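A structural walkthrough
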Amino acid sequence: MTIDMNKTIDFADIVVYGTIRTAEADGQVAEALAIKDGKFIYVGDKASVKDFIKEGVTEVIDHTGKGMVMPGCFEGHAHYLQGLSLEFMGGLTLDPLNDGVDSFFEKLKLAYADAKKKGKSCIFGFGWNYFTFLAQGMPTREQLDAVCPDVAVFIHDSEGHKSLSNSVCLRNAGIIDAEGNILKGEIRGGKICMDANGKPDGLLLEQAVAYVRNRGLNFDEILTEDATVQATLTAQQMLLANGYVSYMDGWSNFFGTPRYYEVANKLDAAGKLNMLLGMTYEFDSSCDDIDAELVKAVEGKKYTKGHVNANYVKLFIDGTVEGGTGLTMEPYPDGHPGIANWEEDEVTYITGKANAQGLTMHIHTMGDGAVHRCVNAFVTNGTKEARNTLVHVRNMPQEDFQRVADNDIVVVSGMLWHVLPDEVWEQVRSVTPASVSWKSYPMKSYFDNGIVMTSHCDFPATSGSPYDPFGIMEIAVTGSAPYPGESGRYTRPWWTEELITREQALQALTINGAYQMQCETERGSIKVGKYADFLLVDKDVFECAVTDIHNAKVVATYFEGEKVYGNK
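Residues numbered from 1 in each chain as written. Predicted model: local features only at pLDDT ≥ 70, side-chain atom pairs only at ≥ 80, totals over all residues. Heavy atoms only, no water.

Considerations on the sheet that holds strand 13 (residues 244-249)
Sheet strands associate in pairs through backbone hydrogen bonding, adopting either a parallel or an antiparallel arrangement. Ordered by their spatial adjacency, eight strands build an open sheet running 6-13-14-15-16-17-18-19, and the pairing between neighbours is parallel. The sheet terminates laterally at strand 6 (73-78) and strand 19 (453-455), the two strands that pair on one side only. Across the sheet, the mean angle separating the axes of adjacent strands is 25° when strand polarity is ignored. As paired strands, strand 14 (residues 276-282) and strand 15 (residues 308-316) are joined by five bridges and run parallel to one another. The residue bridging Gly 278 from the neighbouring strand is Asn 309, located in strand 15. Contacts from helix 18 (residues 502-509) reach strand 6 and strand 19, with the element oriented near 75° to strand 19. (Pairing = 2+ DSSP bridges. Helix = DSSP H or I, 4+ residues; strand = E, 2+ residues; numbered from the N terminus. Axes fitted to C-alpha atoms, helices over the stretch in contact; angles between N-to-C directions. Contact = heavy atoms within 4.5 Å.)

A short note on the pairing of strand 12 (residues 200-206)
Of all seven residues making up strand 12, seven are buried, and the element is well covered by its neighbours. Here strand 10 (residues 162-165) pairs with strand 12 via three bridges, running antiparallel. Its bridge partner lying in strand 12, Ser 163 is registered against Leu 204. Where strand 11 (residues 190-194) meets strand 12, four bridges bridge the pair, whose relative direction is antiparallel. (Buried < 20%, exposed > 50% of the residue type's maximum accessible area, 1.4 Å probe, protein only.)

What about the pattern of salt bridges?
Here the structure, examined in full by the defined rule, presents 21 salt bridges. One salt bridge in this structure joins Lys 162 and Asp 157, with 3.5 Å as the shortest N-O distance. There is no split in this pair, since Lys 162 and Asp 157 are both buried. The partner of Glu 159 in a salt bridge is Lys 162, and the shortest N-O contact between them spans 3.4 Å. Relative accessible area serves as the criterion here: at 28%, Glu 159 is assigned to the partly exposed category. Taking relative accessible area as the criterion, Lys 162 reaches 3% and is therefore assigned buried. Through salt bridges with shared partners, a single network forms among Arg 21, Asp 540 and Glu 543. (Salt bridge = Lys/Arg side-chain N within 4 Å of Asp/Glu carboxyl O.)

Things to note about unusual backbone geometry
Following Phe 459, the chain continues to Pro 460 via a peptide bond in cis, the omega torsion being 5°. Of note, Pro 460 is situated in the loop between strand 19 and helix 17 (469-478). Positive phi outside glycine occurs at Glu 206, with the angle close to 50°. Looking at the element boundaries, Glu 206 is found in strand 12. Unlike most non-glycine residues, Glu 560 shows phi in positive territory, near 55°. Of note, Glu 560 is situated in the loop between strand 21 (554-559) and strand 22 (562-565).

A word on the packing of aromatic side chains
Considering all chains together, one arrives at 19 aromatic pairs under this definition. Where Phe 459 meets Tyr 467, the ring centres are 5.4 Å apart and the plane angle is 75°; that geometry is what we call edge-to-face. Given the relative accessible area of 10%, Phe 459 is considered buried. Among the aromatic residues, ring-to-ring pairing joins Phe 124, Phe 154, Trp 251, Phe 254, Phe 255 and Phe 316 into one connected group. The lysine or arginine in question, Arg 188, covers the ring of Trp 342, its NZ or CZ lying 5.1 Å from the ring centre. Its guanidinium or amino end placed over the ring of Phe 254, Arg 213 lies 3.9 Å from that ring's centre, counting from NZ or CZ. (Phe/Tyr/Trp six-rings, centres within 6.5 Å; stacked < 30°, edge-to-face > 60°. Lys NZ or Arg CZ within 6 Å of the ring centre and 35° of its normal.)

Some details on the sheet that holds strand 12
Taken together, the six strands give an open sheet; going across it, the order is 7-8-9-10-12-11, and neighbouring strands pair in mixed fashion. Strands with a single pairing partner mark the edges of an open sheet, and in this sheet they are strand 7 (92-93) and strand 11. Lying on the sheet, helix 2 (residues 80-89) is in contact with strand 7 and strand 8 (122-128); it crosses strand 8 at an angle near 130°.

Next comes the structure, spelled out in structure tokens:
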């Protein structure tokens, strides 16, 4: 770069030296960058940046030889707000790796005592492991009643697709009457599990979970404004510490209240929201009036301002393939096809109406049947401008890859879910359709077909996988990960022909995420004119051994040119 000395030089607020991975399409690696008023004004060689430095005006950060500099990361779909709210709601939190049925009941007893002491009418919880509970004996409604006879109990599993409820909660939701007789035995897109006597046993699957949660609990009691503020700020700090400057919240009306939206706007107006926040309005498939839900989603656009983008509609098409509720092309070993929450014509209708109102579809799709259904809807009635999104995508029919690319459909991939402990492989194979038992979460095929793929961790439903970008990157390029607490032991690589390069993983974590959030001209890469959202990392993950990528740590996170994480 040549400086015209006849022009007034705009001295930089910050200059950074180091190995700068820009995430630009050409793979540019720079030596220096300069920032003024929150935006990059120079990216290039070290010699030329000196013209932007003025003593007493410019802060100079020399990160040379200390790792790398890269754009801030984008989290394409997770549930930090909901998951972390538990800490401030006084709910019941379980560890899916360590809590079994016995410890669940011990913690439930403590939660009940606390609820009675504080005069609460309900207990909300999260985190039990489906396979662990299945092996040890799934707790029944009667067992929950014995511990909590007069307080509503609702406990999500670690994936959020199943729940356990006691009689009080089921009565509140209109599922049973005071004597335990069935009032409502079927929920579209879900299942109310029954005992040997044909009565609800307390286990709920898929949309039955949402139906009972939305009707069986006291929302105002569960989620106070103070708890929401604390959860939002805690989530932000956790994301920034891991290098994320943008986060798409996967279910912002989770508790049937606009409180998350309202708090996000208040924090942003107060200058306390130091990241981009995407917010999704979910339609429950058991809703009585789709058009009424669309009106509510459109009304939610009023929260789109500043760093908040509330222009997203969320649907659950199916469940999870490993849990037997994902909608698949081929049947499961026992002959069932999974659960479909929405018919294709309904998804087509909602997509057309939403896109016409400036809303983007953000749809949970796990099985290949669910993916195909959504792609049909997007192609038939969606717009390219909306950048409608498929989330998770465990399997995609081969015929749909090119259609997804041609229609600017974004895929938010669980890049971290390519890893399974050896002892789980056979278990997964035994419960999934043969056609997909050894294949899940394609990546390379997206890049090969020109599809924009972004990354998500789905926190807290991470099943023990990492949620930091470098742990995710290592899995994406190797197909394996270190065993927790076991030095030198790695899981077997999974579906190796779908592994991607480090550069592709960087793109998925950064510039592609900006494309998903429709801000790629302003963010997502280190380029002159874009907002200065970037990270100082203690390791150059492009030069280290692939098995060392996960050890990289964020030293500092900058958002719009301001340090928002790191030592002051």
